[in-house]
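Residues per chain, in single letters:
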Amino acid sequence: MSHGCLVLALECGRPLESPSVICLEDLDEVHLGRGEFRALEEVPGNPGRTLQVRVADKWMSLSHATLSHDSRKWHVKDEGSTNGTLINGVPQASAVLAHGDLLELGETLFLFLELEEDCERILVGGRAADLGLETLVPKLAKQFTALMQLADSDVSVMILGESGTGKELVARAVHALSHRQGQLVAVNCGALPANLVETELLGYRKGAFSGATENRPGLARAADGGTLFLDEIGDLPPASQAAFLRVLQEREVLPVGDTVPVRVNLRLVSATHRDLQSLVEEGEFRSDLLARVSGFTLALPPLRDRRVDLGLIMGSLLKKIAGDRAQRISFSCEAARALFLHDWPLNVRELEKHLATAVALLHGDHVELEHFPSSLLEPRRAGDNRRDQGEKKALSGDDNLRRQELIELLRQHHGNIAAVARLMGKGRMQIHRWLKRFNIDAEKFRDGER
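A few points on the structure. Nothing here was measured: the structure is a model prediction, and the numbers come from that model.

The subject of this paragraph is helix α2 (residues 138-150). Under the 1.5 Å per step criterion, the end-to-end length of α2 is 19 Å for 13 residues, consistent within 8% with the ideal 18 Å. Looking at α2, one finds that the buried residues are Pro138, Leu140, Ala141, Gln143, Phe144, Leu147 and Leu150. Turning to α2, the residues buried within the fold contact β13 (157-160), α3 (167-178), β18 (267-272) and β19 (296-299).

In this structure, the second largest pocket occupies an estimated 1,000 Å³ of space. Lining the second largest pocket are 36 residues, with Gly132, Leu169, Ser316, Leu317 and Val348 sitting closest to its centre. Elements that contribute at least two residues to the lining of the second largest pocket include exactly α1 (126-130), α3, α9 (310-322) and α11 (347-361). Tallying contributions element by element places α9 first for the lining of the second largest pocket, with eight residues. Here the lining of the second largest pocket is built from residues that sort into 13 nonpolar, 10 polar and 13 charged.

A few words now on the pattern of salt bridges. Under the defined criterion, the tally for this structure stands at 16 salt bridges. Arg246 is the partner of Glu252 in a salt bridge, and the nearest nitrogen-oxygen pair spans 2.5 Å. For Arg246, a relative accessible area of 35% corresponds to the partly exposed category. Linked by salt bridges that have partners in common, Asp235, Arg274 and Glu284 make up one network.

Counting through the fold element by element, Arg428 comes out in helix α15 (residues 428-437). With 10 residues separating them in the primary sequence, Arg428 and Ala418 have C-alpha atoms 6.3 Å apart. Setting aside residues up to four positions removed in sequence, Arg428 forms contacts with Ile417, Ala418 and Ala421.

Here we come to the pairing of strand β12 (residues 108-115). Among the eight residues that make up β12, eight are buried, leaving the element largely enclosed by the rest of the structure. Burial of the side chains of β12 extends over both faces: Thr108, Phe110, Phe112 and Glu114 are buried on one face and Leu109, Leu111, Leu113 and Leu115 on the other. Examined bridge by bridge, strand β1 (residues 3-11) and β12 share eight bridges and lie antiparallel to one another. When the sheet's bridge partners are listed, Gly4 is paired in β12 with Glu114. Strand direction decides the pairing type here: strand β11 (residues 102-105) and β12, joined by four bridges, are antiparallel. Bridged to Leu102 within β12 is Leu111. Hairpin connection from β11 to β12: two residues lie between these consecutive antiparallel strands, with Gly106 at a positive phi of about 60°.

All right, on to the side chain of Arg337 then. Mapped onto the elements, Arg337 comes out in helix α10 (residues 333-341). Assessed through its relative accessible area of 16%, Arg337 is described here as buried. Dropping the residues within four chain positions of it, Arg337 is found in contact with Leu86, Gly89, Leu102, Glu104 and Leu109.

With 12 residues, α3 ought to run about 16 Å at 1.5 Å a step, and its terminal C-alpha atoms sit 17 Å apart, in line with that. If you check which residues of α3 are buried, you get Lys167, Val170, Ala171, Ala173, Val174, His175, Leu177 and Ser178. A positive phi of about 65° marks His179, the residue just after α3.

With that settled, the discussion passes to the environment of Leu236. Mapped onto the secondary structure, Leu236 falls in the loop between β15 (227-231) and α6 (238-250). On the basis of relative accessible area, Leu236 is assigned to the buried category, the value being 2%. Remark: the alpha-carbon pair of Leu236 and Ala194, spanning 42 residues in sequence, is separated by 8.0 Å. Discounting residues that sit within four places of it in the chain, Leu236 has contacts with Cys189, Val197, Leu201, Gln241 and Leu289.

Before going further, it helps to spend a moment on unusual backbone geometry. Despite not being glycine, Asn88 has its phi angle at roughly 55°, a positive value. Looking at the secondary structure, you find Asn88 in the loop between β8 (85-87) and β9 (90-91). Residue class for Asn88 comes out buried when judged on its relative accessible area of 2%. Even without being glycine, Asn439 reaches a positive phi, approximately 55°. Assignment of secondary structure puts Asn439 in the loop between α15 and α16 (442-446). Asn439 gets classed as partly exposed once you look at its relative accessible area, which sits at 44%.

All right, on to the packing of α9 against α11 then. Running from N to C, α9 and α11 point in directions that differ by 50°, and their axes come no closer than 10 Å. Overall, the two elements α9 and α11 adopt an arrangement that is oblique. Along this stretch, α9 crosses α11, giving a crossing that reads as right-handed. Contacts between α9 and α11 involve Leu310, Ile313, Met314, Leu317, Leu318, Lys320, Ile321 and Ala322 from the first element and Val348, Leu351, Glu352, Leu355, Ala356 and Val359 from the second. Tallied by class, residues from the contact of α9 with α11 come to 12 nonpolar, no polar and two charged.

Reading guide: rules and limits
Residues numbered from 1 in each chain as written. Predicted model: local features only at pLDDT ≥ 70, side-chain atom pairs only at ≥ 80, totals over all residues. Heavy atoms only, no water. Helix = DSSP H or I, 4+ residues; strand = E, 2+ residues; numbered from the N terminus. Expected span 1.5 Å × (residues − 1). Buried < 20%, exposed > 50% of the residue type's maximum accessible area, 1.4 Å probe, protein only. Contact = heavy atoms within 4.5 Å. 1 Å grid on protein atoms, 1.4 Å probe; cavity = no way out; pocket = protein on both sides within 12 Å on 5 of 7 lines; lining within 4 Å. Points joined across faces, edges and corners; volume = space filled by probe spheres on them. Nonpolar A, V, L, I, M, F, W, Y, C, P; charged D, E, K, R; others polar. Salt bridge = Lys/Arg side-chain N within 4 Å of Asp/Glu carboxyl O. Pairing = 2+ DSSP bridges. Axes fitted to C-alpha atoms, helices over the stretch in contact; angles between N-to-C directions. Parallel < 35°, antiparallel > 145°, perpendicular 65-115°, else oblique. Left-handed = near helix turned anticlockwise from the far one by under 90°.

Structure (structure tokens):
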């Protein structure tokens, strides 16, 4: 059974304000309107069943819109407000709400969600929140909580996710929370030439090869007492994998050209967007190394599946980009709407780039749609968005992650159901049930479509 959830995702005039989550379970109605401050109040005469949500937004009417629930669905009705109610950018007098709908009242944006888990507000607070470990996605919040519990241990951490989802940010948070006295050394394995990976990681002795005119300690020794972050570890060449496995097994480094190993004490955090188990089966990645690097695995969902966190992430990025000026920055409704309706194929990295460009272009402190590139000027049409959501049947956060995992595995194995079932540790019938549930056509992947 799904639980309705309303998220006050962004106040355009105050983008640094933290989002609020309103659980709709056990409620019959929710009245949305203007107030002196952000507040949730029970309505007299129907306590526990009706809620009044007030927002200090001068563009909202005192009684702006009402959410009501019948036996199956939540509905929204505009109460004759001055500026109207928009759903996914389209004015609506009334409508049935679908999972992921964006509601726009005045200059305040709400997201309607249907979740299989309780929709309570789950945030990792304190210093971890300052480090970016903050989310409203229940499954991700549980992973962040577990990560905090083992941050000061020596357990290796593997971070999975598409490019740009913030894997290095999580690695830096792990290091900051580890209390290790050494530094964090970040290495992009995919950016190192194959013939230099071993010497860069392990170091070398003077005279070990032509051009080795001095002793170099290498990146692994530079991380002694701290954390070594291997980004895109799936791109590590096979020969270098064997050499690095020794570092993890023996806790020592043997520089190229040397005969005496050097002891090291480092914490390993790795990241990849690739399926390492598939690489093992294809002989491109060592199974013993995979066992060493995957002590705790955290999966970062793409930003398109974390739209509920968009306001949180925007606030954090604005503070990073604009400093003290961030307190004065505001957004037009059109600009904010474009951000929430965009698919973010390049994830958080793309969001940061667009926000940084917009802030640099400002003459004042108000972000307009014109400050964003053309890729954001034509957001998805509301009808297209609602059809997509209907096809996905109001997926929960966990289901979205499973759907993306299925798509990625089908893409990698060209629609081979047996291979996908084996990798997921499930029977073929379960895979077929998921394909039907998530409206995925495996034949498209067999034909090479993406």
